[in-house]
Amino acid sequence: MIIGVVKEITDGECRVAATPASVKKLIKLGYDVQVEAGCGIKANFPDSLLAAAGADVLEGGAQVFSQADVLIKVLPPTDQEASELKPDSTLISFVWPAQNEQLVSKLVEKNIKSLAMDCVPRISRAQKLDALSSMANIAGYRAIIEAANEFGSFFTGQITAAGKVPPAKVLVIGAGVAGLSAIGTAKGLGAIVRAFDTRLAVKDQVKSMGANFLELEFEESGEGAGGYAKIMSDEFIEAEMALFAEQAKEVDIIVTTALIPGKPAPKLISAAMVKSMKPGSVIVDLAAQNGGNCELTEPDQKVVRHDVTIIGYSDFPSRLPTQSSTLYANNVVNLVSDMTPEKDGQLKFDLEDQVVRGALISYEGEKMWPPPEIEIPSPPAPTEEPQLGQDSGEILESTANSWVFTTIAAMVGGLLLLLIGRYAPSDFVSHLTVFVLACFIGWQVVWNVTPALHTPLMSVTNAISGIIIIGGILQMSGFFVNASASTATVLAALAVLISTINVAGGFLVTQRMLGMFRKQD
């Protein structure tokens, strides 16, 4: 089969669906690759690099359309491109079937097998194909870069001879892939970052990145299907808006990422909130393509309202075309690889595969979207407490046996202690008492420590226990005076040797553990 790659003709789109690295991988899978001349120039992948990777460079997209058995693109094909698709061929690109019903009908009419990268199900096995997450990651990063370009001060705080500069305060609304990327970038630049999300499950993720998670005292979860947020109740939204109004007066930069699939973007930042922000503040609306989270957002535009810059670009991934193209091409290669099990250059459609079925939009003249819902396995039922009934005899018998064993062990232990106290020397009894108490206290100390700290704790404990060396050296002093080696002297020497290894090993392990938490230069 021939895989074709064409230039994106939409104004401002700089990405390309294939890179030299992805071309090599596709050829290893048995495919011939044809690319339109100049398709990767805007992404810094000139024709010479694509040709060196093994692709055939053709002049004009028409030749690629007419010969490609599998056409890969970034954006959905335009009406003109859809009409040029080779009948019975396969299309792999973003499709957005809910917004492009006319395109879907045309693909069905031309008997095109189409796979939408935006419809890949968000399950663990399909993470390597998740182009939406790849692009959202870049969008979140670029959002902070755009905000920094418009913001009139540093992100990090500074104290200079000319005066003190406070750190910028950034609020990220929505802690999905784009939001977490924005949080990480802002923290990396030194800003104070706050984040809010209706899904409490992301709280730990936000905190792990060093941001403050803003919470509402509301017992309502925003977790929706597929990892997206769901529409909240009116009471929750009212409390949420009050929180945003309060934060708008304090922060310098707001990044909004709130989107619900198939719905217009919820309005979270009102005109009144914008007016209350400090002059020079910046709002970056990553939901601008679906109407925006800010009332004053203008899609694909940068505007200034009430001395606040509002950025509503919808092409953030395209503003980093080299990185975006690389990640998207990898997503496509992973999909093609999964659909080419024999590595023979033949694309196979397994409709029983949840990933393929979820991404399939049209197939053999039929509309396949929306796909059937993926059944999520239910968690195992909680173990019920044993009830007295048919098996109650076995339960009672097991409990009785355990009680008998414990009683016998306690009696034997007590008898041994009685014999030791009756016949052993008094010095031995006092030492044994100290030993038993030390074991009990040590066990209690270690048992109540978080398991994650056991290794460094035990390393330090072993190192400190090397105090035995001192006792051993004192016991060995008689050897140096009398030059006579008794059993006690030999045992003392052995204790010094083992304790020395213990001390050195304890500190070495501790040092390595601590090194895992230090930043490398």
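The paragraphs below set out a description of the structure included in this document. (Residues numbered from 1 in each chain as written. Predicted model: local features only at pLDDT ≥ 70, side-chain atom pairs only at ≥ 80, totals over all residues. Heavy atoms only, no water.)

### Details of the overall build of the chain
A count of helical and extended segments in the chain gives 17 helices and 17 strands. The burial tally for the chain puts 40% of its 521 residues in the buried class. Counted over contacts in the chain with a minimum sequence separation of 6, partners at least 24 positions apart contribute 63%. Of the roughly 28,900 Å² of accessible surface on the chain, a fraction of 59% belongs to carbon and sulfur atoms. (Helix = DSSP H or I, 4+ residues; strand = E, 2+ residues; numbered from the N terminus. Buried < 20%, exposed > 50% of the residue type's maximum accessible area, 1.4 Å probe, protein only. Contact = heavy atoms within 4.5 Å. Areas by Shrake-Rupley, 256 points an atom, 1.4 Å probe, with all protein chains shown as cover.)

### A word on the sheet that holds strand S11 (residues 212-213)
The 7 strands lie next to each other as S11-S10-S9-S12-S13-S15-S14, forming an open sheet whose pairing is mixed. Each edge of the open sheet carries a strand with a single partner, namely S11 and strand S14 (302-305). When strand S13 (residues 282-285) meets strand S15 (residues 308-311), the two strands line up parallel, connected through 3 bridges. Among the inter-strand pairings, Val 282 is bridged to a residue of S15, identified as Thr 309. In the packing of helix H6 (residues 131-150) onto the sheet, contacts are made with strand S9 (169-173), strand S12 (253-256), S13, S14 and S15, and the angle to S13 comes to roughly 155°. (Pairing = 2+ DSSP bridges. Axes fitted to C-alpha atoms, helices over the stretch in contact; angles between N-to-C directions.)

### Things to note about the pattern of salt bridges
This model, assessed by the stated rule, comprises 17 salt bridges. Across the salt bridge formed by Asp 252 and Lys 278, the nearest N and O atoms sit 2.9 Å from each other. You can see Asp 252 sitting in the loop between helix H9 (234-248) and S12 and its partner Lys 278 sitting in the loop between helix H10 (271-276) and S13, a full 26 residues away along the chain. Residue Asp 252 is classed as buried on the basis of its relative accessible area, which comes to 11%. Note on Lys 278: relative accessible area 33%, which makes it partly exposed. Two residues, Glu 298 and Arg 305, come together in a salt bridge whose shortest N-O distance is 2.8 Å. Residue classification places Glu 298 among the partly exposed positions, given a relative accessible area of 33%. By relative accessible area, which is 32% here, Arg 305 ends up partly exposed. (Salt bridge = Lys/Arg side-chain N within 4 Å of Asp/Glu carboxyl O.)

### Focus on the packing of H6 against helix H11 (residues 321-338)
Describing two packed helices takes the angle between their axes plus the distance from one axis to the other. Where H6 contacts H11, the axes come no closer than 9 Å and their chain directions differ by 165°. One finds that H6 runs roughly antiparallel with respect to H11. H11 is crossed by H6, and the crossing has right-handed handedness. Where H6 approaches H11, its residues Ala 131, Ser 134, Met 135 and Ile 138 are matched on the opposing element by Gln 323, Ser 324, Leu 327, Tyr 328 and Asn 331. Within the contact of H6 with H11, the residues separate by chemical class into 5 nonpolar, 4 polar and no charged. (Parallel < 35°, antiparallel > 145°, perpendicular 65-115°, else oblique. Left-handed = near helix turned anticlockwise from the far one by under 90°. Nonpolar A, V, L, I, M, F, W, Y, C, P; charged D, E, K, R; others polar.)

### Comments concerning the sheet that holds strand S6 (residues 113-116)
Read from one edge of the open sheet, 8 strands run S3-S2-S1-S4-S5-S6-S16-S17, paired in mixed fashion. Single-partner strands in this sheet number two, and they are strand S3 (56-58) and strand S17 (366-367). Here strand S1 (residues 2-5) runs beside strand S2 (residues 32-36); their pairing, made up of 4 bridges, is parallel. Note that in S2 the partner of Gly 4 across the bridge is Gln 34. Seen against the sheet, H11 touches S1, strand S4 (70-72), strand S5 (90-93) and S6 and runs at an angle of roughly 140° to S5.

### Overview of the environment of Ser 276
Of note, Ser 276 is situated in helix H10. On the basis of relative accessibility, which here comes to 28%, the residue Ser 276 falls in the partly exposed class. Taking the C-alpha atoms as reference, Ser 276 lies 9.7 Å from Val 308; in sequence the two are 32 residues apart. When sequence neighbours within four positions are dropped, the list of residues in contact with Ser 276 reads Ala 248 and Lys 249. Side-chain polar atoms of Ser 276 contact the backbone oxygen of Met 273, separated by 2.7 Å. (Polar contact = N/O pair within 3.5 Å; in protein donor to acceptor, adjacent residues only side chain to side chain.)

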